[in-house]
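Remarks on the overall topology
So the chains spell out like this:
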Amino acid sequence: MLSIPHNSNGSDGLMFEPTRRDGSPMDRAYAELRMRNEPLVEITQIKGTSEVHPSLSPNDEWANFEIMERYIGGSQSVTKFHGSYVREALKDGILMREKVGFNPFKMGFIGSSDTHNAAPGSVEERNYFSKVGRSDGLPEQRGSTPPKGAKTWPDDTPDSAHALTPYQAWGASGLAGVWAEENSREAIFAALRRKETFATSGPRIRVRFFASYDYPDDLAHRTDLVHEAYAKGVPMGGDLAPSKGPSSKGRAPKFLIWGVRDPNSGYLQRAQVVKGWVENGAAREQVFDVACSDKLALNRTTWRCPDNGAGVNMATCEPDRFKGDVELRTLWTDPTFKPGQRAFYYLRVLENPSCRWSTWDALRNGTPPNPTLAKTIVERAWSSPIWYEPRA
Amino acid sequence: MSVLRRIAREPLVHFLLIGALLFGGLTAVKSLRRPVVRLDAQDLNQLGAYWEAQMQRPPSKAELAGIIGERIDEELLAREALRLGLDKGDMIVRRRLAQKMAFATDDVAQSAEPSEATLRADFARTADRYAAAGRVSFQQVFFSGDRPHGGAAKAAGQALERAEEGGRADPTGDPFLFPLAYDDASLQDLLRDYGAAFVKTLETAPVGTWQGPVLSPYGWHIVKVTARRKAAATAFEAVRDQVRDAWLAERRGAANAAFLHSLRKRYRVVVAGVPED
């Protein structure tokens, strides 16, 4: 048995609070119980994405993705973002491990749609057809076309924080991916248990993520790379122990990064590694671009790819042709690695921009998109983290 | 003596005695009329069976006492809630009742077994629902569309030439996230992962030779189909039970719709002051 908590973004800081629910401190037994029961967390779904909030990670330019700042099933605003978002919880977790010796937030990722309309899916932007059925089944009900069949938007159109219903802030999001040996209940459940899982915001992007000290430098170009990756390293969801042996002692880990596009969705623009670590008693984070599309050169000072310039034709929602890559595949060594610093790493792969579902609704209706909503989004996939555990 | 007699004649004493008798009598009557929570042998068997189904062993004596205690507590709370009218205006209670009513009409609508002729006619009408997808086994070598200057198509073409000469593919391809060999894979699944053009090739390519280059959303491939099973119409006998279930479900759906329709005739529906017709 395992349970997967969801919609931490709507918990107003409760989901990952640093104490037990009654305010008493956590202990090792509690942390172990929690990790036994809840090894995974939902990082994205229709009612918003819970990876990261822009106010928590101001240096992550892609943090502002399908953010929903309301209570679930109510109109009350969320005010406490710390404790509601997964990346922050992972950071709190490694900090607790460092300070008190246990980590209650060592979670792998999945995505899901959470539809309540008896139809799975509803995760494609161009084919989003509601989450709850009767109350958001029509574009007008979900705020993507003007009220009462009008052709234009009134000047006082409320933004998502003030709209009467939460539906316009919802995103067409959420699939779970699992790396299992075979398509059987046992194999899939075992993969969930060991957190060899990933999440996407809807497209069937496939991601692979491995770490080792011993990968050959040409691993990403070898046809037996998956076999080698398993044989010599750990997959997503796993623990990386300190390096041992004369050849690798103190060396930085190498990460095999691999993302492949969904043939029915956009091309990929960049692959990123999100790192969290403990330094001088505080948890820090950095987002590293590690693979760029279109043969663009990675800036290894800022760790950013240049913009590949991909755009969307807003009259048709057609993306630009010949921008972005089918796959992003590389071997990356962490340049900031310190053997004594506890850390986690996860992969995030970004698509080129594409029309948001609300823009598709407007296009089909022949009216302008809701001026308070984002017109395009950047679809993405997240691997479960790999944790570097310096001491047993 | 005279004191006792005087007390016996005192009206206050009569009053108290009669009061005490009445009180005792009424209490006795009331306790006889106390509502009874009764669990019979059948209930106990069911409780035991539920427990056993979950735990895969019979309950111990202490566990049994606990289950019975819980069941009684639940009954007491439920009875008291009903007495206080807590079921009124409760969404969950309403939903459950509606659900039960729907189940009940389902049962009532249980139609007679359809005849063989009916089922065959129904199958003839819906045969495409039961057709099995085509399946294919193949090997492939992949050349990534990310190779510069259209290099993938050229490399794939060269690889194909070599494969045609040598009879087997050389390992010049790029790493690929999907399998390089498929065994009896459904064309429907392949369509989702590779797109229509690629699947068309798999459906039509001659068996046993390297073919291509074929374009997919990922790049260029050369493929060798090793076995193929065509999409096949399924025989009625193989799916008889499914046809029967579908027929019954359709009947049930129609009966439920008719029942709801009749309810709308028996009730007047008024929404926000406006009667529906």
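Rules used throughout
Each chain carries its own residue numbering, running from 1 in the direction its sequence is written. Written order decides the labels, with chains lettered from A and ligands numbered from 1. Where local features are concerned, this predicted model is filtered to residues with pLDDT of at least 70; where side-chain atom pairs are given and counted, the filter is 80 or more; whole-chain, interface and lining totals use all residues. Segments assigned H or I by DSSP are reported as helices when at least four residues long, segments assigned E as strands when at least two residues long, and all are numbered from the N terminus. Buried, partly exposed and exposed are defined by the number of other C-beta atoms within 10 Å of a residue's own C-beta, namely 20 or more, between the two limits, and 12 or fewer respectively, with C-beta atoms placed from the backbone. Contact between residues is assigned whenever the C-beta positions, reconstructed from backbone atoms, fall within 7 Å. Paired strands, in this sense, are two strands between which DSSP finds at least two bridges. For this classification, Asp, Glu, Lys and Arg are treated as charged, while Ala, Val, Leu, Ile, Met, Phe, Trp, Tyr, Cys and Pro are nonpolar and the rest, including Gly, are polar. Only C-alpha atoms enter the line fits that serve as axes; for helices the fit covers just the stretch in contact. Angles between N-to-C directions range over 0 to 180 degrees. By convention in this section, buried Ala, Val, Leu, Ile, Met, Phe, Trp, Tyr and Cys residues joined through C-beta atoms within 7 Å make up a nonpolar core. Expected helix span is computed as 1.5 Å times (number of residues minus one). Each residue gets a pLDDT score, which is the predictor's confidence in that residue and runs from 0 to 100. Here roughly perpendicular refers to angles of 65 to 115 degrees, roughly parallel to angles under 35, roughly antiparallel to angles over 145, and oblique to all remaining angles.

1. Some thoughts on the overall build of chain A
Scanning chain A for helices and strands turns up 5 helices and 17 strands. Considered along the principal axes of its C-alpha atoms, chain A spans approximately 70 × 55 × 45 Å. Going through the 392 residues of chain A one by one, you find that 48% of them count as buried. Residue pairs at least 24 apart in sequence account for 73% of intrachain contacts in chain A once pairs closer than 6 positions are excluded.

2. Details of the overall build of chain B
The number of helices and strands found in chain B is 10 helices and 6 strands. Along the first, second and third principal axes, the C-alpha set of chain B runs to 140 × 50 × 45 Å. Burial status across chain B gives 15% buried among its 277 residues. Contacts in chain B between residues at least 24 apart in sequence constitute 63% of all its contacts with a sequence separation of at least 6.

3. What to know about the sheet that holds strand 7 (residues 234-235) of chain A
Residues and elements named next belong to chain A. Across the sheet, which stays open at both edges, the 4 strands sit in the order 7-6-9-14 with antiparallel pairing between neighbours. In this open sheet, the two edge strands, each paired with only one partner strand, are strand 7 and strand 14 (327-333). Judged from the 2 bridges that link them, strand 6 (residues 206-212) and strand 7 form a sheet pairing that is antiparallel. Note on strand 7: the bridge partner recorded for Phe-210 is Pro-235.

4. Here's the deal with the interface of chain B and chain A
Across the contact, 14 residues belong to chain B and 14 residues belong to chain A. Among the residues making up the side of chain B that touches chain A, the classes are represented as 7 nonpolar, 5 polar and 2 charged.

5. Observations regarding the pairing of strand 9 (residues 254-260) of chain A
All names here are of chain A. In terms of burial, strand 9 is a largely internal element, 7 of the 7 residues being buried. Residues Lys-254, Leu-256, Trp-258 and Val-260 of strand 9 are buried on one face, and the alternating residues Phe-255, Ile-257 and Gly-259, pointing to the opposite face, are buried as well. Where strand 6 and strand 9 come together, 7 bridges link them in antiparallel fashion. Considered in strand 9, the bridge of Ala-211 is made with Phe-255. Bridge analysis of strand 9 against strand 14 gives 7 bridges, and the strand direction is antiparallel. Among the inter-strand pairings, Trp-258 is bridged to a residue of strand 14, identified as Arg-329.

6. Remarks on the sheet that holds strand 3 (residues 210-215) of chain B
Residue and element names in this part refer to chain B. Spatial strand order, 2-1-4-3: 4 strands in an open sheet with antiparallel pairing. Each edge of the sheet is formed by a strand with only one pairing partner; in this case those strands are strand 2 (181-186) and strand 3. In this sheet, adjacent strand axes meet at a mean angle of 35° when their direction is disregarded. Relative to strand 4 (residues 219-229), strand 1 (residues 135-144) runs antiparallel, the two sharing 10 bridges. Across the sheet, residue Ser-137 finds its bridge partner in strand 4, namely Ala-227. The strands that helix 9 (residues 196-204) touches are strand 1, strand 3 and strand 4; relative to strand 3, the one it contacts most, it runs at about 165°.

7. A short note on the pairing of strand 10 (residues 268-279) of chain A
All names here are of chain A. Counting buried residues along strand 10, 11 of its 12 residues qualify, which places the element largely inside the surrounding structure. One ladder, built from 10 bridges, connects strand 10 with strand 11 (residues 282-292); its direction is antiparallel. Within strand 11, the residue paired with Val-274 across the bridge is Val-287. Taking the residues between adjacent antiparallel strands as the criterion, strand 10 and strand 11 are bridged by 2 residues, where Asn-280 takes a positive phi near 50°.

8. Structural notes on the nonpolar core
All names here are of chain A. Grouped together as the largest cluster of nonpolar side chains are 91 residues, with contacts concentrated most on Phe-255, Leu-256, Ile-257 and Val-349. Broken down by element, the residue count for this core peaks at 7 residues, all from strand 15 (residues 343-355). Ignoring any residue separated from it by four or fewer positions in sequence, one finds Ile-257 in contact with Phe-209, Ala-271, Val-290, Ala-291, Leu-328, Arg-329, Thr-330, Trp-332 and Leu-347.

9. Thoughts on the environment of Tyr-50 of chain B
Tracing the backbone through its elements, the reader meets Tyr-50 of chain B in helix 3 (residues 41-55). Sequence-wise, Tyr-50 of chain B and Gln-139 of chain B are 89 residues apart; in three dimensions their C-alpha atoms are separated by 52 Å.

10. Re helix 4 (residues 61-83) of chain B
Residues and elements named next belong to chain B. For helix 4, spanning 23 residues, the distance from its first C-alpha to its last is 33 Å, which sits close to the expected 33 Å at 1.5 Å a residue. For helix 4, a buried count of 0 out of 23 residues is recorded, marking the element as mostly open to its surroundings. Positioned one or two residues after helix 4, Gly-85 has a phi angle of 75°, which is positive.

11. Some remarks on the confidence of the model for chain B
All names here are of chain B. Of all residues in chain B, 96% attain a pLDDT of 70 or more, and the chain-wide mean is 88. The secondary-structure element of chain B with the lowest mean pLDDT is helix 1 (residues 2-9), recorded at 82, while helix 4 shows the highest, at 94. Reported confidence for the predicted complex is 0.77 by ipTM and 0.79 by pTM.

12. Things to note about unusual backbone geometry
Of note, the bond from Gly-212 of chain B into Pro-213 of chain B is cis; its omega dihedral lies within 30 degrees of zero at -10°. Residue placement: Pro-213 of chain B occurs in strand 3. Despite not being glycine, Asp-114 of chain A shows a phi value in the positive range, around 60°. Tracing the backbone through its elements, the reader meets Asp-114 of chain A in the loop between strand 3 (108-111) and strand 4 (175-178). For Asp-114 of chain A, a count of 18 C-beta atoms within 10 Å gives the class partly exposed.

13. Here's the deal with the packing of helix 6 (residues 116-126) of chain B against helix 10 (residues 240-266) of chain B
Residue and element names in this part refer to chain B. With their axes 10 Å apart at the nearest point, helix 6 and helix 10 run at an angle of 90° to one another. The orientation of helix 6 with respect to helix 10, classified from their angle, is roughly perpendicular. Residue-level contacts link Leu-119, Asp-122 and Phe-123 of helix 6 to Arg-240, Val-243, Arg-244 and Trp-247 of helix 10. Across the contact of helix 6 with helix 10, the residue classes break down as 4 nonpolar, no polar and 3 charged.

14. Section: the environment of Phe-142 of chain B
All names here are of chain B. If you trace the backbone, Phe-142 turns up in strand 1. Classification of Phe-142 by C-beta neighbours within 10 Å gives buried; the count is 23. With residues near it in sequence (within four places) discarded, Phe-142 still touches Gly-173, Asp-174, Phe-176, Tyr-218, Gly-219 and His-221.

15. Topic: the environment of Arg-34 of chain B
Residues and elements named next belong to chain B. By secondary structure assignment, the location of Arg-34 is in the loop between helix 2 (11-32) and helix 3. Residue class for Arg-34 comes out exposed when judged on the 7 C-beta atoms lying within 10 Å of it. For the pair Arg-34 and Ser-262, spaced 228 residues apart in sequence, the C-alpha to C-alpha distance is 41 Å.

16. Thoughts on the packing of helix 8 (residues 187-194) of chain B against helix 9 of chain B
All names here are of chain B. Interaxial distance between helix 8 and helix 9 falls to 7 Å at its minimum, and their mutual angle equals 145°. Contacts between helix 8 and helix 9 involve Leu-187, Leu-190, Leu-191 and Tyr-194 from the former and Ala-196, Phe-198, Val-199, Leu-202 and Glu-203 from the latter. Its residues assigned to classes, the contact of helix 8 with helix 9 shows 8 nonpolar, no polar and 1 charged.

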